[in-house]
Amino acid sequence: MERFLQGKPGVGALFDGVLAATPSGVMLARIEHGQPAAELPNLADRDYFKQVMQGDQPVVSQPLRGKVSGRPIVVVAVPVLGDDGRAIGVVAGALRLQSTSLFAQP
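Let me begin by describing the structure that accompanies this report. Predicted model, so just to flag it, every value in this text is computed and none were measured.

## With respect to the pairing of strand β2 (residues 27-32)
Item 1. As judged from the five bridges shared by strand β1 (residues 17-21) and β2, these two strands associate in the antiparallel manner. In the sheet register, leucine 19 faces β2, and the bridge partner there is arginine 30.
Item 2. Sheet analysis places β2 next to strand β3 (residues 35-36), joined by two bridges and oriented antiparallel. Bridge pairing in β3 links isoleucine 31 to proline 36.
Item 3. As consecutive antiparallel partners, β2 and β3 are separated by two residues, and within that stretch histidine 33 has a phi angle of approximately 50°, a positive value.

Right under this line is the structure:
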């Protein structure tokens, strides 16, 4: 999963961090600024995670503090859908609220 996420430079250019998680909230991988991160906190308690797992649409979180960094962030979470259309995981990108990543020139 780390290689998959690292192999998506466009996603890494937009977000300060990207992650993939199982339906139970266990992170499979987390990439920060293009590098694998060691800490993989569970996301099951996050409102955006609960919302995305209950539906089939992307979710943008309310501003919150990152579990690892403690910095203010917004998370864009997208469900990974199984053959039956139900969420079987989550791929998400975190954007620091003080970041300029969305407006940077490639």
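## Remarks on the pairing of strand β6 (residues 72-81)
Item 1. Across two bridges, the pairing between strand β4 (residues 59-60) and β6 is antiparallel. Its bridge partner being in β6, valine 59 is matched across the sheet by alanine 77.
Item 2. Of the strand pairs in this sheet, strand β5 (residues 64-65) and β6 are connected by two bridges, and their pairing is antiparallel. If you follow arginine 65 over to β6, its bridge partner there is proline 72.
Item 3. Hairpin connection, β5 to β6: the antiparallel pair is bridged by six residues, and glycine 70 has positive phi, about 75°.
Item 4. Pairing of β6 with strand β7 (residues 87-96), which is carried by nine bridges, proceeds in the antiparallel orientation. The partner of alanine 77 across the bridge, within β7, is alanine 92.
Item 5. Taking the residues between adjacent antiparallel strands as the criterion, β6 and β7 are bridged by five residues, where glycine 85 takes a positive phi near 85°.

Scoring rules and cut-offs
- Counting of residues starts from 1 at the beginning of each chain's written sequence and follows it residue by residue.
- Where totals are concerned, whole chains, interfaces and linings use all residues; where local detail is concerned, this predicted model gives features only for residues with pLDDT of at least 70, and gives and counts side-chain atom pairs only at 80 or more.
- Side-chain numbers come from the whole structure's heavy atoms, not from hydrogens or water.
- When DSSP finds two or more bridges between a pair of strands, those strands are recorded as paired.
- To qualify as a helix, a DSSP run of H or I must reach at least 4 residues; to qualify as a strand, a run of E must reach at least 2; elements of each kind are numbered from the N terminus.

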